Amino acid sequence: MAVPKRKKSRSNTRHRRSQWKTTVPTLVACPQCREPKLPHTACASCGTYDRRQVIEVS
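Residues numbered from 1 in each chain as written. Predicted model: local features only at pLDDT ≥ 70, side-chain atom pairs only at ≥ 80, totals over all residues. Heavy atoms only, no water.

Chemist: How would you sum up the overall build of the chain? Please name residues and give values.
Modeler: The helix and strand tally for the chain stands at 1 helix and 4 strands. Mapped in sequence order, the helices and strands of the chain form the string α-β-β-β-β. Taking 10 Å as the expected radius of gyration for a compact globule of 58 residues, we find that the chain reaches 22 Å, considerably beyond that expectation. By principal-axis analysis of the C-alpha atoms, the chain measures approximately 60 × 25 × 20 Å. When burial is assessed residue by residue, the chain has 12% of its 58 residues classed as buried. Put simply, 0% of the contacts in the chain that link residues at least 6 apart link residues at least 24 apart. Working note: accessible area of the chain is about 5800 Å², and carbon and sulfur atoms make up 54% of it. (Helix = DSSP H or I, 4+ residues; strand = E, 2+ residues; numbered from the N terminus. Rg over C-alpha atoms; globule rule 2.2 N^0.38 Å. Buried < 20%, exposed > 50% of the residue type's maximum accessible area, 1.4 Å probe, protein only. Contact = heavy atoms within 4.5 Å. Areas by Shrake-Rupley, 256 points an atom, 1.4 Å probe, with all protein chains shown as cover.)

What follows is the structure, encoded as structure tokens:
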């Protein structure tokens, strides 16, 4: 099994982790209610997907 020969310094670890950045999720307008939603998912406010009612929203 591979084992590191030397300990990684805190500086190297933090420099590597500084490249891990989050991105803003892409949002699209629902064709039925125009609410922002994630693409390729059912709308949480009206319950439609591909212009069909798929979720019962109360």
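Chemist: Please give an account of a nonpolar patch on the surface that cites residues and values.
Modeler: A contiguous nonpolar surface patch, about 300 Å² in accessible area, is contributed by Tyr 49, Val 54, Ile 55 and Val 57. With respect to the element layout, Val 57 can be found in the segment after strand S4 (52-53). The exposure class assigned to Val 57 is partly exposed, which follows from its relative accessible area of 34%. (Patch = residues over 30% accessible without salt bridge, like charges linked within 9 Å, V, L, I, M, F, W, Y side chains within 5 Å. Salt bridge = Lys/Arg side-chain N within 4 Å of Asp/Glu carboxyl O.)

Chemist: Now, about unusual backbone geometry: what can you tell me, with residues and values included?
Modeler: The phi torsion at His 40 lies on the positive side, around 65 degrees, for a residue other than glycine. Look at Asp 50: it is not a glycine, yet its phi comes out positive at around 55 degrees. Mapped onto the fold, Asp 50 is located in the loop between strand S3 (48-49) and S4.

Chemist: Residue-level account of the side chain of Lys 37, with values.
Modeler: Tracing the backbone through its elements, the reader meets Lys 37 in strand S2 (residues 36-37). Of the side chains bearing the opposite charge, Asp 50 lies closest to the buried Lys 37, which forms no salt bridge; the N-O distance is 9.0 Å. At a separation of 2.9 Å, a polar atom in the side chain of Lys 37 contacts the main-chain carbonyl oxygen of Thr 41. (Lys, Arg positive; Asp, Glu negative; His and termini not counted. Polar contact = N/O pair within 3.5 Å; in protein donor to acceptor, adjacent residues only side chain to side chain.)

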